Amino acid sequence: VMPFVNEKYRVKKGAKHRGIVGLSMGGGQSLTIGLKHTDLFAWVGGFSSSVPRADSVALALDNSRKTNRQLQLLWIGCGKDDFLLERNKKFVATLSEVGVKHVWRLTEGNHSWPVWREYLAEFVSPKRLQRLEHVLAHRTRWITVALEEVYQTHNASAILRTCDCFGVQDVHIVDERNDYKVH
């Protein structure tokens, strides 16, 4: 993914300009990848994560000085009513035991989007948060995209992603041949 992003988008190079964050299973994957590759990611986060096994991030845990030097932020959050809370507490305890600096946020809430939205606002820098809020404020319902007889779902997916990037909120599919399920 990184070579594609670097080629197609204007991005700053280097770990200090790159982060990885995810939620639930994606949070576990983000923590694993981020802690295994602190040379590539200086900003690592997990929201309500299925946390990594200690052996999968052993290099980061075994060399906390190097890990702390390379990371700008290791951010972990979980709600008090989340079914993954105990796993997150154990992982955070392991980080503390070995001396890996991190931010731990235990909040109200469960395994849900409202909780993760708040986490994202805390994880990103104020400048990036301002940019996200600006983009969201300019989403529109003035334009509607209509797709007709979409027989290859990857085409529909590409159009939906494009609409999302441009802030178009309404997309309609008219298709009498194929069945689609809204996710």
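Note: the structure precedes this text.
1. Looking at the overall build of the protein chain
Here is step 1 of the chain: In terms of helices and strands, the protein chain carries eight helices and six strands.
Here is step 2 of the chain: The helix and strand sequence of the protein chain, counted from the amino end, reads α-β-α-β-α-α-β-α-β-α-α-β-α-β.
Here is step 3 of the chain: Buried positions account for 32% of the 183 residues belonging to the protein chain.
Here is step 4 of the chain: Roughly 12,600 Å² of accessible area belongs to the protein chain as shown, and the carbon and sulfur atoms make up 54% of that amount.

2. Thoughts on the pairing of strand β4 (residues 103-107)
Here is step 1 of the chain: Two elements, strand β3 (residues 73-79) and β4, share five bridges in a ladder whose sense is parallel. Counted as the bridge partner of Gly-77 is Arg-105 from β4.
Here is step 2 of the chain: Read from β3 through helix α5 (residues 85-98) to β4, the crossover connection turns out right-handed.

3. Concerning the nonpolar core
Here is step 1 of the chain: Within the largest apolar cluster, 16 residues are counted, with the highest numbers of intra-cluster contacts made by Leu-31, Leu-35, Val-44, Leu-74, Ile-76, Phe-91 and Leu-95.
Here is step 2 of the chain: Taken together, the elements giving at least two residues each to this core come down to α2 (25-36), α3 (58-62), β3 and α5.
Here is step 3 of the chain: Examining the composition of this core, we find that three residues originate from one element, α5, more than from any other.
Here is step 4 of the chain: Contact partners of Val-44, with chain neighbours within four places excluded, come to Ile-20, Ser-30, Leu-31, Gly-34, Leu-71, Leu-73, Leu-74, Trp-75 and Phe-123.
Here is step 5 of the chain: Membership of the second largest hydrophobic core comes to eight residues, among which are Trp-75, Tyr-119, Phe-123 and Val-124.

4. Topic: the sheet that holds strand β2 (residues 43-47)
Here is step 1 of the chain: Ordered by their spatial adjacency, four strands build an open sheet running β1-β2-β3-β4, and the pairing between neighbours is parallel. Of all strands in the sheet, those bounded by a partner on one side alone are β1 (19-23) and β4. Taken pair by pair, the neighbouring strands of this sheet meet at an average axis angle of 10°, ignoring direction.
Here is step 2 of the chain: Running at roughly 155° to β1, α2 makes contact with β1, β2 and β3 of the sheet.

Rules used in this analysis
Residues numbered from 1 in each chain as written. Predicted model: local features only at pLDDT ≥ 70, side-chain atom pairs only at ≥ 80, totals over all residues. Heavy atoms only, no water. Helix = DSSP H or I, 4+ residues; strand = E, 2+ residues; numbered from the N terminus. Buried < 20%, exposed > 50% of the residue type's maximum accessible area, 1.4 Å probe, protein only. Areas by Shrake-Rupley, 256 points an atom, 1.4 Å probe, with all protein chains shown as cover. Pairing = 2+ DSSP bridges. Right-handed = clockwise from strand over helix to strand, strands pointing away. Core = buried A, V, L, I, M, F, W, Y, C linked by side-chain atoms within 4.5 Å. Contact = heavy atoms within 4.5 Å. Axes fitted to C-alpha atoms, helices over the stretch in contact; angles between N-to-C directions.

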